[in-house]
Structures are given as C-alpha cells and as structure tokens.
Amino acid sequence: MHAFDILGDPVRRRILELLATGEHSSGDVVAVVQREFGITQSAVSQQLRILRDAGFASVRAEGTRRIYAVEPARLREVDDWLDRFRAFWLPRLDAIATEVARGKRKRRHQE
C-alpha cells in the first residue's frame, strides 16, 4: 500500500500525531481516538495494526500493555517524495518571512 493511502485516513493521521509526541500505550491511543472520532476500540486497534504493518509505527510489549511509537524511516520516505515539490512553496514561504521581518523592522523604527 502506498504511504499516502495510509496517511489519507484521518484516524491514522491522528494516531501518528499522538505518537509524534512520544510513545503511547494502545489504551491511551484508544481513549483519545474514541473521544475524537467516536469509533470502537477494535476499530482503533485495526488502525494501529495498519500503521504497524505499513511501517509507520512500531509496538513493544511492556507487561500486559502494548506501547506504540512512530517509525521515522517510513516518514522519511514520504518526505523524500515531497522534496520534489518543495520548490513550489519554499520561495513563497521565504517571501513571507522577508515581509514579516520588514514589518518588524518598520515597527521598531516607528517606536
């Protein structure tokens, strides 16, 4: 399955956002995702399995708990793919940064 097929699902994206803040138990992930999306525990577990099988997340046992973490290698693949498109938005972002800096300088000189 292509990475963007995996990342196209809002539940899986939310799970990755949670895991990006650090390791989380499956129970923690289930609690957040159930509250935000109103889906069952088994549906969340299925999404965690998809992320794990696709290489976006890893899992390790800690007693009876399952601890999930982001697997950065697969995200680097996505970043590498996006790299060819950065030329379309980076100059615009640089221009915005320049304008913000000009505005700050102008305000300082007016004070």
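In the block above lies the structure referred to throughout.
Residues numbered from 1 in each chain as written. Predicted model: local features only at pLDDT ≥ 70, side-chain atom pairs only at ≥ 80, totals over all residues. Heavy atoms only, no water.

Chemist: Give a description of the packing of helix H3 (residues 26-37) against helix H4 (residues 41-53) that names residues and reports values.
Modeler: Between H3 and H4, whose axes approach to 9 Å, the crossing angle comes to 115 degrees. Of the two possible hands of crossing, H3 and H4 adopt the one that is right-handed. Along its contact with H3, which presents Ser26, Val29, Val30, Val33 and Gln34, the element H4 presents Gln41, Val44 and Leu48. Residues belonging to the contact of H3 with H4 are distributed by class as follows: five nonpolar, three polar and no charged. (Axes fitted to C-alpha atoms, helices over the stretch in contact; angles between N-to-C directions. Helix = DSSP H or I, 4+ residues; strand = E, 2+ residues; numbered from the N terminus. Left-handed = near helix turned anticlockwise from the far one by under 90°. Contact = heavy atoms within 4.5 Å. Nonpolar A, V, L, I, M, F, W, Y, C, P; charged D, E, K, R; others polar.)

Chemist: Explain the packing of helix H2 (residues 10-20) against H4 to me, using residue names and the numbers behind them.
Modeler: Between H2 and H4, the shortest axis-to-axis distance is 10 Å and the interhelical angle comes to 75 degrees. Judged on the interaxial angle alone, H4 and H2 are roughly perpendicular. Taking contact as the criterion, the partners of Val11, Arg12, Ile15 and Leu16 in H2 are, on H4, Val44, Gln47, Leu48, Ile50 and Leu51. For the contact of H2 with H4, the residue count by class is seven nonpolar, one polar and one charged. (Parallel < 35°, antiparallel > 145°, perpendicular 65-115°, else oblique.)

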